[in-house]
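Fold and contact review
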Amino acid sequence: MMNKIFLKSNFNHMPAKLKLTIIFTIAFLALPSLAFASVGEINSASPGAERILITNDGGLAVYSSAGALLSGFPVWAEGVFEGNPLFGDFDSAVGNEIAVVERKIGNDYYLHLYDSTGAELSSVVLSGYAPDVNPVTLYNYASKKYSAIYSTAQGDVKEMVLNAGAWSNSLLIAGVGIEAFLSTDSDKALIYYAVNGGSQIKIYKKADGWDLSKTIDVASAVSRSIIDDGLGRLWFLSDNKLYSYSASGDLVAGFPIVLPAQAVDLIMADIDKNNSGLEAGVRFSDGSLALYDYQGQLLKDKFI
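Residues numbered from 1 in each chain as written. Predicted model: local features only at pLDDT ≥ 70, side-chain atom pairs only at ≥ 80, totals over all residues. Heavy atoms only, no water.

**Considering the sheet that holds strand β20 (residues 263–269)**
Taken together, three strands build an open sheet; the order of strands is β20-β21-β22 and the sheet is antiparallel. On the outer flanks of this sheet lie β20 and β22 (289–292), each paired with one strand and no other. The average angle at which neighbouring strand axes cross in this sheet is 20 degrees, direction not considered. As paired strands, β20 and strand β21 (residues 279–284) are joined by six bridges and run antiparallel to one another. Among the inter-strand pairings, Met268 is bridged to a residue of β21, identified as Ala280. (Pairing = 2+ DSSP bridges. Helix = DSSP H or I, 4+ residues; strand = E, 2+ residues; numbered from the N terminus. Axes fitted to C-alpha atoms, helices over the stretch in contact; angles between N-to-C directions.)

**Comments concerning the sheet that holds strand β8 (residues 136–140)**
One open sheet accounts for four strands, arranged β8-β9-β10-β11; its pairing is antiparallel. Single-partner strands in this sheet number two, and they are β8 and β11 (166–173). Each strand axis lies, on average, 30 degrees off the axis of its neighbour in the sheet, ignoring direction. The pairing of β8 with strand β9 (residues 145–151) spans five bridges and is classified as antiparallel.

**Here's the deal with the pattern of salt bridges**
Counted by the stated rule, this structure contains three salt bridges. Notably, a salt bridge pairs Lys104 with Glu78, separated by 3.4 Å at the nearest N-O pair. A residue pair is termed long-range when its members are at least 10 positions apart, and Lys104 in the loop between β5 (97–103) and β6 (109–114) and Glu78 in the loop between β3 (60–63) and β4 (80–88) qualify at 26 residues. Residue Lys104 is classed as buried on the basis of its relative accessible area of 18%. Under the relative-accessibility criterion, Glu78 is labelled exposed at 68%. Its salt-bridge partner being Glu102, residue Lys104 comes within 3.3 Å of it at the nearest N-O pair. Each of the salt bridges in this network shares a partner with another, and the network as a whole consists of Glu78, Glu102 and Lys104. (Salt bridge = Lys/Arg side-chain N within 4 Å of Asp/Glu carboxyl O. Buried < 20%, exposed > 50% of the residue type's maximum accessible area, 1.4 Å probe, protein only.)

**Details of the packing of aromatic side chains**
Following the criterion strictly, the structure yields ten aromatic pairs and no others. Between Trp235 and Phe255, the aromatic rings sit 5.4 Å apart at their centres with planes inclined by 90 degrees, giving edge-to-face as the arrangement. Note that Trp235 is positioned in strand β17 (residues 233–238) and Phe255 in the loop between β18 (241–246) and β19 (257–258), a separation of 20 residues in sequence. Each member of the pair, Trp235 together with Phe255, is buried. Put simply, the rings of Phe90, Tyr139 and Tyr146 touch in pairs and so form one group of aromatic residues. Note that Lys104 overlies the ring of Tyr110, its terminal NZ or CZ placed 5.0 Å from the centroid. Taking NZ or CZ as reference, Arg233 lies 4.2 Å from the ring centre of Tyr294, over its face. (Phe/Tyr/Trp six-rings, centres within 6.5 Å; stacked < 30°, edge-to-face > 60°. Lys NZ or Arg CZ within 6 Å of the ring centre and 35° of its normal.)

**Focus on the environment of Leu237**
Topologically, Leu237 is positioned in strand β17. Relative accessible area serves as the criterion here: at 3%, Leu237 is assigned to the buried category. With 27 residues separating them along the chain, Leu237 and Val264 place their C-alpha atoms 8.2 Å apart.

**Observations regarding the pairing of β11**
Both strand β10 (residues 157–163) and β11 contribute to a ladder of seven bridges, which runs antiparallel. Note that in β11 the partner of Lys158 across the bridge is Leu171. In sequence, β10 turns back onto β11 through a hairpin of two residues, with Ala164 there showing a positive phi of about 50 degrees.

**Some remarks on unusual backbone geometry**
In this structure, the amide linkage connecting Phe73 to the following residue, Pro74, adopts the cis form with an omega of 5 degrees. With respect to the helices and strands, Pro74 occurs in the loop between β3 and β4. For Ser92, which is not glycine, the phi torsion reads 65 degrees and is therefore positive. Tracing the backbone shows Ser92 in the loop between β4 and β5.

These results come straight from atomic positions and should not be treated as a statement about function.
Written out as structure tokens, the structure is:
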């Protein structure tokens, strides 16, 4: 189960320019440099998906699809919240919760869990947490709940699982370098990017444990998360180029695409209904947006 929400109804009929602007606005709403808003169903009484974000003063805020601040929010901790707020059913109770990382004075890090009313359900220390790496969620089909995945300063990948009110911390992958970005695809694969004197994407598949399935060497550091489009392709930004690799680890013909400006973010979605298949939406540092088709061709939707 990919942890994604696709806004339907009127969204599908919007022009590509408006849709791409909405998608990127969700990711850039007054957040620290390494934080992005999350979109998910937290309050079942509120129609549509909620927007969950870290505020400029380090609090946690949740907005309805109509833009109203949900009752009970924002909430604050002793320190400040950082990174991506995560959502999902972590405790097997009714409804989803929000998991968020707090940085205390002295740079100790804690994971906090909140319900849809802003009430704190639990908290736990994150041993060795690497603050430069946003945490992600992993869905387990057997337990039908989410866990929180994070990286340590040593490059280890660890999993936090909540059972009967108590958090357990287990090692998924031993350090293989200085970890930079994590991406997950349900409980089938974990995409792990590491730097070892160069740049590599390491793909781990889950069997009895997490086994290294493939290593892809790339020319320079990857910017932002690595995206699995669900159709057997990996997409990422590196050195102001747009890359796409096949599931076998081969660079797709026609890539990389040299971008016209400094790229800061990337999404994959069916944005342009006049174009067949998914498109790559790229946001640049000057605020302009560009849309590329699945073959890497620039579409007419280049705008600011």
